[in-house]
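Summary of structural features
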Amino acid sequence: MITSKGYAAQTAESPLGPWNFERRDLGPHDVLIAIEYCGVCHTDIHLTRNEWFPGIFPMVPGHEIVGKIAAVGSHVKKFRVGQRAAIGVMVDSCMECEDCHNGQEQFCNVSPVLTYNNLDHSGKPAYGGYANNIVAPEHFALHVSDNMDLAATAPLLCAGITTYSPLRKWGVGKGHKLAVVGLGGLGHMAVKFGVAFGAEVTVLSTSANKKEAAKALGAHHFIVTKNEEELKAAQRSFTHIIDTVAAGHDINPYLALLKTNGVYMNVGMPVEPWQLSSFTLATGNKVVAGSGAGGIPETQEMLDFCAENNIVSDIELIDIKDIQTAYERMLKGDVRYRFVIDMATLK
């Protein structure tokens with residue numbers, strides 16, 4: 001076994017703190033990554049606090065992982081020691097079902113092994129990236145360009161692919177008008193990708209004080225959603241809307257902003273179910289779609305696109321001992337736009 005150290009939640013009610021644990025030894029097709037940075041995702045809060053479903057404790061969160069290859073198994077061909085590498089939301093799958101063969105391992109028919117709060121194929125808990133290392137099959141490790149800021153790359157492994165994937169699936173590009181609901185960790189990446197794809201991008205936010213920040217990210221327009229006149233003027237304006245808000249909210253007013261045949265993409269994953277008006281959907285043949293991260297090929301495509309177009313996340317680098325404060329600040333929306341843990345601070 002490989003001796004590891006990290007930060008874990010011992011229960012859903014306890015704060016995260018230092019914890020020593022063991023990872024499995026390398027198999028012939030595995031890589032060991034020395035973690036340098038790990039992004040902090042809103043999912044980490046949901047899972048460590050049992051907000052979606054009962055968790056597996058102790059829980060080491062973190063699925064936005066970047067670092068360097070520290071060791072490789074005897075049959076590994078994809079990586080060599082010293083190369084940059086990344087791990088996202090999953091670390092294994094059956095590799096035999098239809099979805100796995102189609103490069104959509106996140107929807108594995110047997111069950112993808114999520115990076116944390118999940119059981120691996122041996123039945124043991126998987127531990128995430130708030131740690132000094134991680135072991136995974138080489139297939140699930142991704143290449144990171146040497147030209148990219150490594151710390152700012154970390155959130156691309158979740159916030160990046162989570163927004164990139166649906167925008168690509170629904171063909172957002174030149175000639176389209178994209179609205180982004182919320183300007184947080186996911187939202188700011190949706191703005192960057194929308195602009196890079198050639199769309200005309202509008203940010204929809206409850207907070208008027210985010211207007212200049214939205215423009216700085218490249219957004220062409222900004223609408224304060226609490227302003228009824230602004231919302232009314234924007235009705236039937238957008239070909240696509242991507243909703244990145246994690247808190248519960250009514251999406252029916254936003255559906256009215258879609259053009260005929262418009263697509264509403266959900267990536268924010270609120271705990272509370274949405275209530276939709278069937279009349280709103282039927283009037284205009286509108287589509288409400290979900291999206292779950294992305295498969296390994298698409299995630300690598302996204303990282304390569306980011307390297308070619310100089311796209312990374314806007315981050316605030318933190319000491320791991322400040323993780324609880326970061327959680328509370330995230331819940332208040334007090335971060336632009338993603339916390340990233342400097343794992344060198346893990347003593």
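Above this note sits the structure.
This is a predicted model, so every value here is computed, not measured.

Cut-offs used in this document
- Residues numbered from 1 in each chain as written.
- Predicted model: local features only at pLDDT ≥ 70, side-chain atom pairs only at ≥ 80, totals over all residues.
- Heavy atoms only, no water.
- Pairing = 2+ DSSP bridges.
- Helix = DSSP H or I, 4+ residues; strand = E, 2+ residues; numbered from the N terminus.
- Axes fitted to C-alpha atoms, helices over the stretch in contact; angles between N-to-C directions.
- Contact = heavy atoms within 4.5 Å.
- Core = buried A, V, L, I, M, F, W, Y, C linked by side-chain atoms within 4.5 Å.
- Buried < 20%, exposed > 50% of the residue type's maximum accessible area, 1.4 Å probe, protein only.
- Arc of directions from axis to C-beta.
- Parallel < 35°, antiparallel > 145°, perpendicular 65-115°, else oblique.
- Left-handed = near helix turned anticlockwise from the far one by under 90°.
- Salt bridge = Lys/Arg side-chain N within 4 Å of Asp/Glu carboxyl O.
- Nonpolar A, V, L, I, M, F, W, Y, C, P; charged D, E, K, R; others polar.

Another aspect to go through is the sheet that holds strand 12 (residues 221-224). The strand order 12-11-10-13-14-15 describes an open sheet built from six strands, whose pairing is parallel. At either end of the open sheet lies a strand with only one pairing partner, and these are strand 12 and strand 15 (287-290). Sheet twist, expressed as the average angle between the axes of neighbouring strands with direction ignored, equals 20°. With five bridges joining them, strand 13 (residues 238-243) and strand 14 (residues 258-266) adopt parallel strand pairing. Residue pairing for strand 14: histidine 240 is matched across the bridge by valine 263. Across the face of the sheet, helix 4 (residues 159-169) comes into contact with strand 10 (177-181), strand 13 and strand 14 while running at roughly 155° to strand 13. Helix-sheet contacts for helix 5 (residues 185-196) involve strand 10, strand 11 (200-205) and strand 13, and the interaxial angle to strand 10 is about 170°.

Once that is clear, we can look at the nonpolar core. Residues Leu167, Leu178, Leu183, Val191, Phe193, Ile242 and Met302 are the most contacted members of the largest nonpolar core, which totals 52 residues. Those residues in contact with methionine 302 that lie beyond four places of it in its chain are Leu156, Gly160, Ile161, Tyr164 and Phe193. By size, the runner-up hydrophobic cluster in this structure holds 38 residues, among which are Ile69, Ala141, Ile323 and Met343.

The subject of this paragraph is helix 11 (residues 323-331). Inspection of helix 11 places Ile323, Ala326, Tyr327 and Met330 among the buried residues, and these make up the whole buried set. Across the axial projection of helix 11, the buried residues extend over an arc of 105°, all falling on one side. The inward-facing, buried residues of helix 11 contact strand 1 (2-9), strand 2 (16-23), helix 1 (42-48), strand 16 (315-318) and strand 17 (338-342). The positive-phi residue at the C-terminal boundary of helix 11 is glycine 333, with phi of around 75°.

Here we take up the packing of helix 4 against helix 5. Look at helix 4 against helix 5: their axes get within 8 Å of each other, and the N-to-C directions meet at 45°. Regarding the angle of helix 4 to helix 5, the classification is oblique. For the pair helix 4 and helix 5, the crossing hand works out as right-handed. Within the contact between the two elements, helix 4 uses Ala159, Gly160, Thr162, Thr163, Tyr164 and Leu167 and helix 5 uses Gly185, Leu186, Met189, Ala190, Phe193 and Gly194.

The subject of this paragraph is the pattern of salt bridges. Within this structure, the stated rule accounts for nine salt bridges. The partner of lysine 68 in a salt bridge is glutamate 36, with the nearest N and O atoms 3.0 Å apart. Within this pair, whereas lysine 68 is found in strand 4 (residues 65-72), its partner glutamate 36 is found in strand 3 (residues 30-39), the two being separated by 32 residues in sequence. The class for lysine 68 is partly exposed, based on a relative accessible area of 33%. Where aspartate 314 meets lysine 192, a salt bridge forms, and the shortest distance between an N and an O atom there is 2.7 Å. Of this pair, aspartate 314 sits in the loop between helix 10 (296-309) and strand 16 while lysine 192 sits in helix 5, and the two are 122 residues apart along the sequence. Among the residues examined, aspartate 314 registers a relative accessible area of 28% and is labelled partly exposed. Each of Glu316, Arg329 and Asp334 takes part in one network of salt bridges that share partners.

Here we take up the pairing of strand 14. Here four bridges tie strand 14 to strand 15, and the two strands are oriented parallel to one another. The residue bridging tyrosine 264 from the neighbouring strand is valine 288, located in strand 15.

With that settled, the discussion passes to the packing of helix 4 against helix 10. Running from amino to carboxyl end, helix 4 crosses helix 10 at an angle of 100°, the nearest separation of the two axes being 10 Å. When the axis of helix 4 is compared with that of helix 10, the two are roughly perpendicular. Contacts between helix 4 and helix 10 pair Gly160, Ile161, Tyr164, Ser165 and Arg168 from the former with Glu298, Thr299, Glu301, Met302 and Phe305 from the latter. Each residue belonging to the contact of helix 4 with helix 10 can be placed in one class, and the counts come to four nonpolar, three polar and three charged.

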